[in-house]
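This is what each chain is made of:
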Amino acid sequence: CEGDSNLSMWIYVLLGNVLRGIGETPVQPLGISYIDDFASDENAALYVGCVQTISVIGPVFGYLLGSLCAKIYVDIGFVKMETITITPSDARWVGAWWLGYLIAGVITLLSAIPFWFLPRSLHIPGAQGSEKCTPEQTSFIKDPHSGKHKYPADQNTTFIEMAKDFIPSLRTLLGNPVYLIYLCVSIIQLNSLIGMVTYKPKYIEQHFRQSASKANFLMGVINIPAVALGMFSGGLLMKRLKLNIMGAARFAFGTSLIGYILSLFFFAMSCENAKVAGVTLPYISLDSISYDKHSVFAACNSDCFCSESDWDPVCGENGITYVSPCLAGCASSSGSGKNTVFSSCSCVGVAGNFTASTGQCPEKDDCDRMFPYFLALSVITSFIISLGGTPGYMFLIRCIKPQLKSLALGFHAMATRTLAGIPAPIYFGAIIDTTCLKWGQKRCGGLGACRIYNTTAYRIAYLGLTLSLRSISFIICIPGFILLSRQLRKEERNAVHGALANGGTELEALRKEEFKFQAQVATSRDSE
């Protein structure tokens, strides 16, 4: 403990993530606005879908890299690996998390180079005036000059001029009720999504007893590609079906609702806890799992003077895991490292064989058969929910005036990252920690990481919180659809009245021209 560093190393990790967030945040809102400005109307949804898909493909390689790093011990190069007695499947194993940061940092620097070569403006294919507007654009564009940028690409605008226009623009943006409701729904949905994705590998580890490396590998190879395919397919379907703003909203809502219904089946995919004496099983009855408060001390280990806080699990010959060799009543050991065998374990007691080996007992039960079904359902729900991702993003672009597009996307990114990206992992983690059965202890005292959870309570808390947030978002969608349909009808009426007024004006002009022509003819006759 005296050798522990007093430096708070987590501060450097925090600052690094803050700088990374500052650098990556403008890419999505400004990049998508750039695409929408210079792409043809019929191709915009497809291009946005491609960008969204590529942004999802990145985590595939991230999870694969994480899986590789999780197999490497955190202090690789500083310790002799043959002296390590734990394996990657052990709850105490810590992978080389720092290695992923180094590799990803170099790749991020290289990926920034192409952005320097993007032109300020591109040739716009075809006319994009009001005569070429899509149905959803014509429903919302009221300003005849709204298709033009307030600050053209070739015009240098000072920061003060843009700052003066910021507050009125933000007031106009937040005064749009449809955008405001979409923002609230996005924040709640992303709270659910981020919390679910953050703790899904941990859920797989604890519930289905998989290693951290395998959990990350499965997320990267199976789950994330389904999301990427869904994003791309959603953009393709929107282009083929030529969905207007209401169609895009209904499509996104429908896919989210179907995914929600399918997610309810996760509650049925349950697994029993690992059999750990003194934690999930009482020493006096090692037959049935119980979540009552048990003591790790019993008559068989009362003379050993064991520590209650240690977590050094061993597997007895009876198939039961014990918190430590001491609490298993073991008196001697042979071998070293992972091959250590403990003998004369008075708490094991199986027909004269009182030995135990290092690590938890491998559990072979219904979870092995349930896990493939969990993965299959996870892939299907991820694909269906992500189908609505691109139509939902196009709805965001189309529900506001074109000159507010960049501001709307930027404010949406800021709000979702601040109100969903930051708090969701915190309160999800706090709620999940209430289901812990056995806490570890730090070397110098204090509460460490959770070693084993109540899997039933974990499943209810994790899935229940995820689906509850999505239920709230569906309720908020109802007034959003009502306001959207009213605004569309209002714009249609205004368009009809405008057309009639223009038609009447043109008819009056024709009559005036005809009257002038007749007057000229009469004058010429009189002169003759």
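Residues numbered from 1 in each chain as written. Predicted model: local features only at pLDDT ≥ 70, side-chain atom pairs only at ≥ 80, totals over all residues. Heavy atoms only, no water.

Undergrad: What is the right way to read the overall build of the chain from this model?
TA: Counting its secondary structure elements, the chain contains 14 helices and eight strands. Out of the 528 residues belonging to the chain, those deemed buried represent 39%. Considering only intrachain contacts with a sequence separation of at least 6, the fraction spanning at least 24 residues in the chain is 71%. Carbon together with sulfur atoms contributes 64% to the accessible area of the chain, which is approximately 29500 Å² in total. (Helix = DSSP H or I, 4+ residues; strand = E, 2+ residues; numbered from the N terminus. Buried < 20%, exposed > 50% of the residue type's maximum accessible area, 1.4 Å probe, protein only. Contact = heavy atoms within 4.5 Å. Areas by Shrake-Rupley, 256 points an atom, 1.4 Å probe, with all protein chains shown as cover.)

Undergrad: Even after reading the chapter, I still don't get the state of the cysteines, so can you show me in this structure?
TA: Covalent bonding between the sulfur atoms of two cysteines defines a disulfide. In total, this model carries five disulfides according to the counting rule given. Here Cys300 engages in a disulfide with Cys347; their sulfurs sit 1.9 Å apart. The sign of the S-S torsion, about 95°, decides the handedness of the disulfide formed by Cys300 and Cys347: right-handed. Of this pair, Cys300 sits in the loop between β1 (276–277) and β2 (314–316) while Cys347 sits in the loop between β5 (341–343) and β6 (356–358); the two residues are 47 residues apart in sequence, bridging distant segments of the chain. (Disulfide = S-S within 2.5 Å.)

Undergrad: Even after reading the chapter, I still don't get the sheet that holds strand β3 (residues 321–322), so can you show me in this structure?
TA: Two pairing modes exist for strands in a sheet, parallel and antiparallel, and in both the strands are linked by backbone hydrogen bonds. Read across the open sheet, the six strands follow the order β1-β3-β2-β6-β5-β4; overall the sheet is mixed. Taken across any chain shown, the strands that pair with only one partner, and hence form the sheet edges, are β1 and β4 (332–334). (Pairing = 2+ DSSP bridges.)

Undergrad: Which parts of the structure should I look at to understand helix α7 (residues 177–208)?
TA: Because an α-helix packs 3.6 residues into every turn, residues spaced three or four apart end up facing the same way. With 32 residues, α7 should reach 46 Å at 1.5 Å per residue; the first-to-last C-alpha distance of 44 Å fits that figure. Of all the bends in α7, the greatest, near 45°, is centred on Lys200, and the proline Pro201 appears no more than four residues after it. For α7, the capping residue at the N-terminal end is Asn176, with a side-chain oxygen 3.1 Å from the backbone nitrogen of Val178. With its phi angle positive at about 55°, Arg209 sits one or two positions after the end of α7. (Expected span 1.5 Å × (residues − 1). Bend = angle between axes of the 7 residues up to and from the residue. Polar contact = N/O pair within 3.5 Å; in protein donor to acceptor, adjacent residues only side chain to side chain.)

Undergrad: Quick question: what am I supposed to make of the nonpolar core here?
TA: The tendency in soluble globular proteins is for nonpolar side chains to be buried side by side. Core analysis: the largest hydrophobic core is formed by 32 residues, its most contacted members being Leu173, Tyr179, Met394, Phe395, Cys399 and Leu484. Those elements that provide at least two residues to this core are α3 (41–71), α6 (159–174), α7, α9 (245–263), α11 (389–398), α12 (405–421) and α14 (455–527). In this structure, Ile204, Cys367, Phe374 and Leu463 belong to the second largest nonpolar core, which totals 25 residues. (Core = buried A, V, L, I, M, F, W, Y, C linked by side-chain atoms within 4.5 Å.)

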